[in-house]
Amino acid sequence: MTKSHLELTGVEMAFDTPKGSFIALDNINLKIRKGEFVSLIGHSGCGKSTVLNIVAGLLQATRGGCVLDGHEVNSPGPERAVVFQNHALMPWLTVYENVELAVQQVFRRSMAKQERKDWINHNLELVNMAHAANKRPGEISGGMAQRVGIARALAMKPSVLLMDEPFGALDALTRAHLQDSLMEIQQDLNNTVIMITHDVDEAVLLSDRIIMMTNGPAATVGEDLRIDLPRPRNRVTLADDPTYVHYRQEVLRFLYEKQRKLEKITPRAASTREAASATGEKDRLTQAARA
Amino acid sequence: MTTLTTSKPTTPSTPAWLKALAERFSGPALLATGRQLLLPMIGILLFLGFWHLAAPQVNTSLGSFPGPAQVWEQGGQLWQEHTAQREKADKFIAMQEARNERILADNPDAEVKIRPYPGAPTFLDQIVTSLGTVLAGFILATIIAVPLGIVFGLNRYFQAAVNPLIQIFKPVSPLAWLPLVTMVVSATYVSDDPMFEKSFLTSMITVTLCSLWPTLINTSVGVAAVNPDLVNVSRVLRLSFWTHVRKVVLPSSVPMIFTGLRVSLGIAWMVLIAAEMLAQSPGLGKFVWDEFQNGSSQSLSRIMVAVLTIGFIGFLLDRIMLLIQKKVAWNQ
């Protein structure tokens with residue numbers, strides 16, 4: 001493949017703060033092929049979400065830009081569907097209606113009524129949520145709601161699926177389960193996926209490529225690791241696989257030796273919730289390191 | 001506890017509703033129902049007792065302050081007056097129709113006059129009038145406040161520009177607005193065949209001016225507080241402005257809007273009574289004022305009936321709003 005599907009060139013992101021301009025991202029260059037599953041990993045605050053939001057069009061890069069299939073990205077759109085960390089389903093709509101809102105908007109003209117209905121149900125079945133079609137997000141578990149969030153994103157037939165820590169808020173078992181489903185779905189549909197994660201195992205297990213980001217400010221791409229593991233991948237058998245273990249070590253080494261966070265874990269003026277999630281994240285990473 | 005659970009065990013053949021009823025009247029359920037009903041009853045009885053004992057001690061130029069018994073009696077009296085008036089009105093209408101038929105029988109081209117019954121409105125008529133006025137004012141306030149609130153909530157700059165005005169106008173008493181509204185209505189609403197009484201318009205507009213603020217503020221706060229993730233979903237879907245408002249912003253702020261509406265309706269009802277007293281527009285406020293001017297020995301009892309009625313209707317209005325809120329809002 002000569003021409004890249006998605007390309008970020010010289011992306012710089014600066015935010016205006018009371019203390020002056022804060023450079024969050026500096027000179028990010030990325031080329032992603034069609035059907036590739038790419039993970040962005042890095043310590044919290046390194047601007048992973050900012051990169052994703054720039055691709056989504058929710059944020060505008062202050063310099064450089066993002067090109068998808070030859071078109072410059074400068075506003076959000078359904079061809080770059082986003083799966084949010086906390087599902088972001090409309091709490092007043094049922095599961096079905098949430099997916100319907102997306103399908104109605106994207107395929108209003110190109111699909112007949114019955115066709116749209118079938119398409120909504122098809123996507124709910126894809127994530128095994130057809131049984132809860134008439135429930136509201138408040139009546140289902142976080143894992144189920146996240147499935148619906150994925151179904152809604154897939155229902156837009158996106159050329160790139162953007163996932164912002166999609167499984168971050170879920171317990172370990174549910175997370176493993178959803179990771180397996182996501183792998184299957186991605187293999188079937190061959191979507192291009194960009195996923196943000198904090199979880200080293202998740203990154204190695206799911207990705208074709210792991211983009212490791214340096215710490216901010218002025219974060220950029222630190223290392224670009226290609227994961228050459230055959231698919232379908234099985235988490236249990238891979239646990240002992242020497243190549244898999246090697247990839248994991250590469251990522252861990254990057255995170256804990258090259259990009260060690262020097263910041264103390266004492267909560268400062270930052271909101272307590274943010275501090276809690278940050279320490280939780282570190283616990284998870286250290287656990288992963290010990291395992 | 002043991003003495004309360006003496007009801008016989010229900011047999012399997014008893015219908016479900018009977019079983020549910022039996023459960024309600026036995027054991028802990030009865031205790032809970034009892035507590036729910038009993039304590040308020042005790043409160044009311046204590047209040048009535050205090051009122052009964054204290055009222056005769058208060059002497060006014062119109063005799064001693066009425067106790068619960070006199071007020072109850074006047075309540076009955078007002079009801080009787082109402083039924084008597086209705087009978088008279090029915091007779092008047094029947095007579096008028098009979099006369100008109102006679103005239104038409106003699107001369108089919110004759111112009112017949114149909115006059116409404118000229119009798120004074122009764123207490124119940126005044127209640128209905130007041131309810132009509134308050135609803136008109138409240139609906140007008142809602143029609144103004146909700147869309148404005150959405151606009152303010154969506155636009156930070158707009159909100160900043162208008163906020164001081166809202167803060168200044170919000171605490172203004174209805175009594176201050178009334179003279180202004182009266183003058184403006186008299187000057188602008190000039191028509192040979194008016195659809196509404198001027199006094200009705202004055203009361204209604206005063207109610208609107210005083211009651212729209214809580215809805216306006218709550219709507220704008222609710223709209224501004226829409227979950228940013230949901231706004232991003234809307235942006236990714238490229239929803240048009242109207243679809244965004246209809247499908248994301250409005251449903252999301254419905255709970256806040258309804259809380260505002262409930263406060264607004266409470267204020268509307270309070271303001272209405274004052275407005276009717278001063279504007280001399282028909283309704284409960286005018287009833288109170290007329291009785292006060294009348295100054296008979298029964299006046300205080302009749303005013304007290306009105307006071308209790310006003311309180312009870314206010315309570316009912318709030319309950320109705322709560323019911324609607326439960327039907328409409330997704331978080332209930």
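Residues numbered from 1 in each chain as written. Chains lettered and ligands numbered in written order. Predicted model: local features only at pLDDT ≥ 70, side-chain atom pairs only at ≥ 80, totals over all residues.

1. With respect to the overall build of chain A
For step 1, the next point in the chain: Each helix and strand in chain A was counted, giving 9 helices and 10 strands.
For step 2, the next point in the chain: Counting contacts in chain A only where the partners sit at least 6 residues apart, residues at least 24 apart contribute 71% of the total. (Helix = DSSP H or I, 4+ residues; strand = E, 2+ residues; numbered from the N terminus. Contact = placed C-beta atoms within 7 Å.)

2. What to know about the overall build of chain B
For step 1, the next point in the chain: Each helix and strand in chain B was counted, giving 11 helices and 2 strands.
For step 2, the next point in the chain: Taken from the N to the C terminus, the helices and strands of chain B come in the order α-α-β-β-α-α-α-α-α-α-α-α-α.
For step 3, the next point in the chain: In terms of overall size, chain B is more extended than a compact globule, its C-alpha atoms giving a radius of gyration of 27 Å where 332 residues would be expected to give roughly 20 Å.
For step 4, the next point in the chain: Dimensions along the principal axes, computed over C-alpha positions, put chain B at roughly 75 × 70 × 55 Å.
For step 5, the next point in the chain: When each of the 332 residues of chain B is scored for burial, the buried share is 29%.
For step 6, the next point in the chain: In chain B, 72% of the contacts between residues at least 6 apart in sequence involve partners at least 24 apart. (Rg over C-alpha atoms; globule rule 2.2 N^0.38 Å. Buried ≥ 20, exposed ≤ 12 C-beta atoms within 10 Å, placed from the backbone.)

3. Details of the domain arrangement of chain B
All names here are of chain B.
For step 1, the next point in the chain: Along its sequence, chain B is carved into domain 1 (66-106) and domain 2 (123-186 + 195-328).
For step 2, the next point in the chain: Its C-alpha centre places domain 1 at a distance of 34 Å from the equivalent point of domain 2.
For step 3, the next point in the chain: Opposite the 7 residues of domain 1 that make contact, domain 2 presents 8 residues.
For step 4, the next point in the chain: Within the side of domain 1 that touches domain 2, the residues separate by chemical class into 3 nonpolar, 4 polar and no charged. (Domains from an automatic or database assignment. Nonpolar A, V, L, I, M, F, W, Y, C, P; charged D, E, K, R; others polar.)

4. Thoughts on the pairing of strand β4 (residues 63-68) of chain A
All names here are of chain A.
For step 1, the next point in the chain: Where strand β1 (residues 6-17) meets β4, 5 bridges bridge the pair, whose relative direction is antiparallel. Bridge assignment links Leu6 to a residue of β4, and that residue is Leu68.
For step 2, the next point in the chain: The pairing of β4 with strand β5 (residues 71-72) spans 2 bridges and is classified as antiparallel. Bridge assignment links Leu68 to a residue of β5, and that residue is His71. (Pairing = 2+ DSSP bridges.)

5. Here we look at the environment of A:Val193
All names here are of chain A.
For step 1, the next point in the chain: When you line up the elements, Val193 lands in strand β8 (residues 192-197).
For step 2, the next point in the chain: For Val193, a count of 25 C-beta atoms within 10 Å puts it in the buried group.
For step 3, the next point in the chain: Placed 40 residues apart in sequence, Val193 and Ala153 show a C-alpha to C-alpha distance of 11 Å.
For step 4, the next point in the chain: Here Val193 is in contact with Phe37, Val38, Leu161, Met163 and Gln186, once residues within four sequence places are set aside.

6. Thoughts on the sheet that holds β4(A)
Residues and elements named next belong to chain A.
For step 1, the next point in the chain: Taken in spatial order, the 4 strands line up as β2-β1-β4-β5 in an open sheet, and their pairing is antiparallel. The open sheet has two edge strands, β2 (20-32) and β5, and neither has a second partner.
For step 2, the next point in the chain: Set on the sheet, helix α1 (residues 48-56) makes contact with β1, β2 and β4; between it and β2 the angle comes to about 65 degrees. (Axes fitted to C-alpha atoms, helices over the stretch in contact; angles between N-to-C directions.)

7. Looking at the nonpolar core
For step 1, the next point in the chain: Ranked by internal contacts, the top residues of the largest apolar core, which has 129 residues, are A:Val55, A:Leu162, A:Val251 and B:Ala268.
For step 2, the next point in the chain: For this core, the element with the highest residue contribution is helix α9 (residues 241-279) of chain B, accounting for 16 residues.
For step 3, the next point in the chain: Setting aside residues up to four positions removed in sequence, B:Ala268 forms contacts with B:Val134, B:Gly137, B:Phe138, B:Ala141, B:Val207 and B:Ser211. (Core = buried A, V, L, I, M, F, W, Y, C linked by C-beta atoms within 7 Å.)

8. A look at the interface of chain A and chain B
For step 1, the next point in the chain: With 16 residues of chain A at the interface, the matching set in chain B holds 13 residues.
For step 2, the next point in the chain: Secondary-structure elements contributing two or more residues to the side of chain A that touches chain B are β6 (80-83) and α2 (95-107) of chain A.
For step 3, the next point in the chain: When residues in the side of chain A that touches chain B are grouped by element, the largest group, 3 residues, is from α2(A).

9. Things to note about the sheet that holds β8(A)
Residues and elements named next belong to chain A.
For step 1, the next point in the chain: The strand order across the open sheet formed by 6 strands is β6-β7-β8-β3-β9-β10, and the pairing between neighbours is mixed. Of all the strands in the sheet, the pair left with one neighbour each is β6 and β10 (221-226). Sheet twist, expressed as the mean angle between neighbouring strand axes with direction ignored, is 20 degrees.
For step 2, the next point in the chain: Relative to β8, strand β3 (residues 37-41) runs parallel, the two being bridged by 5 bridges. Across the sheet, the residue bridging to Ser39 is Met195, located in β8.
For step 3, the next point in the chain: The strands touched by α1 are β3, β6, β7 (160-164), β8 and β9 (209-213); relative to β7, the strand with the most contacts, the crossing angle is about 150 degrees.

10. Structural notes on unusual backbone geometry
All names here are of chain A.
For step 1, the next point in the chain: Between Arg231 and the following residue, Pro232, the backbone shows a cis peptide bond with an omega angle of -5 degrees.
For step 2, the next point in the chain: Note that Pro232 resides in the loop between β10 and α7 (235-238).
For step 3, the next point in the chain: In this structure, His87 is a non-glycine residue whose phi angle is positive, near 45 degrees.
For step 4, the next point in the chain: Non-glycine residue Ala218 carries a positive phi angle of around 55 degrees.
For step 5, the next point in the chain: Here Ala218 is to be found in the loop between β9 and β10.

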